[in-house]
Amino acid sequence: MTDRRPGVVKAVIPAAGLGTRFLPATKATPKEMLPVIDKPAIQYVVEEAVAAGLEDVLMVTGRNKRALEDHFDRNYELEHALGRKGDQQRLSTVRESSDLAAVHYVRQGDPRGLGHAVLAAAAHVGDEPFAVLLGDDLIDPRDPLLARMIEVREALGGSVVALMEVAPEQIHLYGCAAVEATADSDVVRVTGLMEKPAPGEAPSRYAVIGRYVLDPEVFEVLRRTPPGRGDEIQLTDALQELAVRPEVGGPVHGVVFTGRRYDTGDRGDYLRAIVRLACEREDLGPDFRAWLRDWVREEL
Ligand code: UTP
């Protein structure tokens, strides 16, 4: 018998945060449902999971779960109305989100942090490695990241985080990784992790971004992880324990990402994402770019 590690088949998308940076828009709508042009941010994230071969998606939701559930479900009234009008194109757009993947839901209850949200997925995930995709972090589909992370987990075991080099004055906004080089130029061994380091304390410029492939052992660690920064149960703290005690759940590696990423939970990045993606869209791009060029020339 060959000794094969179980593959990664499940994706967990935490979407239970309060989204306070986007109030009042997020008072009654999860921030993951805010549109990036004409699709909610979270649909791009589900599409990314499916593109990496993960068709079992668990969303960790909070008090506003209704909009998320409705978006990934059928809408017979709308489908009927579009069908009667013969609008096949919009009909297929409406069906796209409900046909995408098998989407499951679990409630987090109190939003006590990302680590706590991931722990809510334990029963659904079971004893298998799994991916976590943050619902407000967009990775451009032209720069695939998750498939590479799964490959690294399959080759090296343990857990894999996504890292991006950021400017030193930005690192306090992220979890930060201390790293050692490996034989692969895009893979590093993570030797320590720190959530949102104070200026001058960051061990590197490598920021942890919102994609993870985790060993199921992380659940055991999360169960005993006390609230950390911001009084929240931090996934970074659990990963720090895994990084320094590889005998517990295997090593932690980082895949260094150099592609396009947008943090749609941040207002500035959200605007940049919309402008960049709109410029590149075949249907909207030509007119929008022409308008933008004139507008910048005349107004800025
Ligand atoms: P963020 O810290 O960006 O989300 O969490 P937030 O707390 O909603 O944002 P602000 O700062 O108040 O605007 C990253 C991801 O983790 C989820 C969020 O929904 C987001 O996708 N999250 C965070 C949870 O699911 N539960 C939590 O308790 C915290």
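Refer to the structure presented above.
Residues numbered from 1 in each chain as written. Predicted model: local features only at pLDDT ≥ 70, side-chain atom pairs only at ≥ 80, totals over all residues. Heavy atoms only, no water.

Visitor: Before we move on, could you go through the pairing of strand E12 (residues 252–256) and cite the residues and values that matter?
Guide: Counting buried residues in E12 gives five out of five residues, a clear majority hidden from the surface. Residues Val-252, Gly-254 and Val-256 point to one face of E12 and His-253 and Val-255 to the other, with burial holding for every one of them. With five bridges connecting them, strand E8 (residues 159–165) and E12 associate as parallel partners. Its bridge partner being in E12, Ser-159 is matched across the sheet by Val-252. By the bridge criterion, three bridges tie strand E10 (residues 187–195) to E12 in an arrangement that is antiparallel. Looking at the pairing, Arg-189 lines up with His-253 of E12. (Buried < 20%, exposed > 50% of the residue type's maximum accessible area, 1.4 Å probe, protein only. Helix = DSSP H or I, 4+ residues; strand = E, 2+ residues; numbered from the N terminus. Pairing = 2+ DSSP bridges.)

Visitor: Could you give an account of the side chain of Ser-159, with specific residues and numbers?
Guide: Along the chain, the position of Ser-159 falls in strand E8. Judged by relative accessible area, which is 0%, Ser-159 ranks as buried. The residues contacting Ser-159, other than those within four sequence positions of it, are Val-213, Leu-214, Asp-215, Leu-239, Leu-242, Pro-251, Val-252 and His-253. (Contact = heavy atoms within 4.5 Å.)

Visitor: An account of unusual backbone geometry is requested, with residue identities and associated values reported.
Guide: The step from Leu-23 to Pro-24 runs through a cis peptide bond, and the omega angle for that step is 5°. Along the chain, Pro-24 falls in the loop between strand E1 (10–15) and strand E2 (35–36). In the Ramachandran plot, Lys-196 falls in the positive-phi region, its phi being about 40° despite a non-glycine side chain. Within the secondary structure, Lys-196 sits in the loop between E10 and strand E11 (206–214). Here Lys-196 falls in the partly exposed class, since its relative accessible area comes to 33%.

Visitor: Break down the packing of aromatic side chains for me, citing the residues and quoting the values.
Guide: Overall, the coordinates contain four aromatic pairs when judged by the stated rule. Taking the centre distance of 5.0 Å and the plane angle of 5° together, the rings of Phe-130 and Phe-219 count as stacked. One end of the pair, Phe-130, is in strand E6 (residues 130–133); the other, Phe-219, is in helix H8 (residues 217–223), and 89 residues separate them in sequence. Classification of Phe-130 as buried rests on a relative accessible area of 0%. Residue Phe-219 is classed as buried on the basis of its relative accessible area of 5%. Measuring from centroid to centroid gives 5.6 Å for Trp-291 and Trp-295, while their planes differ by 20°, and the two rings are stacked. Taken as a pair, Trp-291 and Trp-295 lie in helix H12 (residues 285–299) at a separation of four residues, close to a single helical turn. For Trp-291, a relative accessible area of 45% corresponds to the partly exposed category. Residue classification places Trp-295 among the partly exposed positions, given a relative accessible area of 35%. (Phe/Tyr/Trp six-rings, centres within 6.5 Å; stacked < 30°, edge-to-face > 60°.)

Visitor: How would you summarise the site of the ligand if you had to cite specific residues and measurements?
Guide: Near the ligand there are 19 residues, and of these Gly-19, Thr-20, Glu-32, Gln-108 and Gly-113 occur at the shortest range. Interatomic distance of 2.7 Å between a backbone N/O atom of Gly-19 and an oxygen atom of the ligand. A distance of 3.5 Å separates an oxygen atom of the ligand from a polar atom in the side chain of Asp-136. When residues of the shell around the ligand are traced back to their parent elements, those giving at least two are E1 and helix H5 (114–119). Classifying every residue of the shell around the ligand gives eight nonpolar, six polar and five charged. (Near = heavy atom within 4 Å. Polar contact = N/O pair within 3.5 Å; in protein donor to acceptor, adjacent residues only side chain to side chain. Nonpolar A, V, L, I, M, F, W, Y, C, P; charged D, E, K, R; others polar.)

Remember, this is a structural readout, not a statement about activity or role.
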